[in-house]
Amino acid sequence: AEQFGGRWTFDGDRVLPFRWTGPGGHVMERIPLWVPHGKWYVSMDYGYLDPAVVGFWSVGTDGQIVLAAEIYETKLDHGDLSKRILAKKEELRIQWSGVYSDPQEPNLESELRKHKIPVFNVNKKKQRDRKAGFMKLIHVLTPQRETGQPLLHVLSEKVGSPYGCPKTIAEWKGLRKRDNIRVDPWSHGAWVGDDHALALREAGEDLHALA
């Protein structure tokens, strides 16, 4: 089914079809030449005692997506996080095409704008739709029938700073479904493990459309 039907059958208890090694693996230890010149998007999931997580995504002209860098830190207030985002942008030497704030944290958007970070004004109801966002993420992680390869890859910390997403990789590897759940299967209570680095679901319709 996996090879001929385009279905993903790797470890059925996983929340995400994330394979970090072997054929069709998602983790890259070298930066594709196009990535620095791709179309860059930033999305985030805010927490204070829980981590504030920001993903920096490069999208190629053929729809390939690389999660190239991350911020994954606790005890960052809105201002501190805004400054960390600007610093990472400078380290990466990129121009962003879209920045998406956390729809559950409206005050963060105001602070980002104060720091002249151009937050996209998107439909907050759609942005909060966890199921739709996760289905998009699952789609880009699943090998495509035409190529046998996923649309989304993640850069390892082995590529060297400022690139690399070691905490995102660790999180996605460990996220598992609970047995015999009686809650919404897309809610926080439906699985075991942290889910802070699933910020692609916050990235709005522009990035989703590329998938």
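Structure first, text after, so check above.
Residues numbered from 1 in each chain as written. Predicted model: local features only at pLDDT ≥ 70, side-chain atom pairs only at ≥ 80, totals over all residues. Heavy atoms only, no water.

1. A look at the pattern of salt bridges
For step 1, the next point in the chain: Under the counting rule described, the total for this entry stands at five salt bridges.
For step 2, the next point in the chain: Between Lys158 and Glu29 there is a salt bridge; the shortest N-O distance is 3.4 Å. Of this pair, Lys158 sits in the loop between strand S6 (152-155) and helix H5 (166-174) while Glu29 sits in the loop between strand S1 (27-28) and strand S2 (39-45), and the two are 129 residues apart along the sequence.
For step 3, the next point in the chain: On the basis of relative accessibility, which here comes to 48%, the residue Glu29 falls in the partly exposed class. (Salt bridge = Lys/Arg side-chain N within 4 Å of Asp/Glu carboxyl O. Helix = DSSP H or I, 4+ residues; strand = E, 2+ residues; numbered from the N terminus. Buried < 20%, exposed > 50% of the residue type's maximum accessible area, 1.4 Å probe, protein only.)

2. Digging into the packing of helix H1 (residues 78-92) against helix H2 (residues 106-114)
For step 1, the next point in the chain: Where H1 meets H2, the axes come as close as 9 Å, and the angle between the chain directions of the two elements is 50°. When the axis of H1 is compared with that of H2, the two are oblique. Of the two elements, H1 crosses H2, and the hand of that crossing is right-handed. Contact residues: His78, Gly79, Leu81, Ser82 and Ile85 in H1; Asn107, Leu108, Glu111 and Leu112 in H2. (Axes fitted to C-alpha atoms, helices over the stretch in contact; angles between N-to-C directions. Parallel < 35°, antiparallel > 145°, perpendicular 65-115°, else oblique. Left-handed = near helix turned anticlockwise from the far one by under 90°. Contact = heavy atoms within 4.5 Å.)

3. Section: the sheet that holds S1
For step 1, the next point in the chain: Strand order in the open sheet formed by six strands is S1-S6-S4-S3-S2-S5, with mixed pairing between adjacent strands. Two strands in the sheet have a free side with no partner beyond their single neighbour: S1 and strand S5 (96-100).
For step 2, the next point in the chain: In the sheet, S1 pairs with S6 via two bridges, with the strands oriented parallel. The residue of S6 that forms the bridge with Met28 is Leu155.
For step 3, the next point in the chain: Docked against the sheet, H5 engages S1, strand S3 (52-59), strand S4 (65-73) and S6, running at close to 100° with respect to S4. (Pairing = 2+ DSSP bridges.)

4. Some points on the side chain of Ser58
For step 1, the next point in the chain: Residue position: Ser58 is located in strand S3.
For step 2, the next point in the chain: At a separation of 2.8 Å, a polar atom in the side chain of Ser58 contacts the main-chain carbonyl oxygen of Val35.
For step 3, the next point in the chain: With residues near it in sequence (within four places) discarded, Ser58 still touches Trp34, Val35, Gly38, Lys39, Trp40, Gln64, Ile65 and Val66. (Polar contact = N/O pair within 3.5 Å; in protein donor to acceptor, adjacent residues only side chain to side chain.)

5. Some details on the environment of His139
For step 1, the next point in the chain: As for its placement among the helices and strands, His139 is situated in helix H4 (residues 130-141).
For step 2, the next point in the chain: Note on His139: relative accessible area 32%, which makes it partly exposed.

6. Some points on the nonpolar core
For step 1, the next point in the chain: Formed by 28 residues in total, the largest nonpolar core has its most connected members in Leu16, Leu137, Leu152 and Trp172.
For step 2, the next point in the chain: Elements that contribute at least two residues to this core include exactly S3, S4, H4, S6 and H5.
For step 3, the next point in the chain: Ranked by residues supplied to this core, first place goes to H4 with five residues.
For step 4, the next point in the chain: Formed by 26 residues, the second largest nonpolar core is a distinct cluster that contains Met44, Trp96, Leu112 and Ile117. (Core = buried A, V, L, I, M, F, W, Y, C linked by side-chain atoms within 4.5 Å.)

7. Regarding the packing of aromatic side chains
For step 1, the next point in the chain: Across all of its chains, the model carries five aromatic pairs by this definition.
For step 2, the next point in the chain: Ring geometry for Tyr100 against Phe120: centres 5.2 Å apart, planes inclined by 70°, an arrangement best described as edge-to-face. Here the residue Tyr100 occupies a position in strand S5, and Phe120 occupies one in the loop between H2 and helix H3 (124-127), the gap between them amounting to 20 residues.
For step 3, the next point in the chain: For Tyr100, a relative accessible area of 1% puts it in the buried group.
For step 4, the next point in the chain: For Phe120, a relative accessible area of 26% puts it in the partly exposed group.
For step 5, the next point in the chain: Here the aromatic rings of Phe134 and Trp191 are separated by 5.3 Å at their centres, their planes lie at 85°, and the arrangement is edge-to-face. You can see Phe134 sitting in helix H4 and its partner Trp191 sitting in strand S8 (residues 191-192), a full 57 residues away along the chain. Both residues of the pair, Phe134 and Trp191, count as buried.
For step 6, the next point in the chain: An aromatic cluster is present here, built from Phe18, Trp20 and Trp172 joined pairwise through their rings. (Phe/Tyr/Trp six-rings, centres within 6.5 Å; stacked < 30°, edge-to-face > 60°.)

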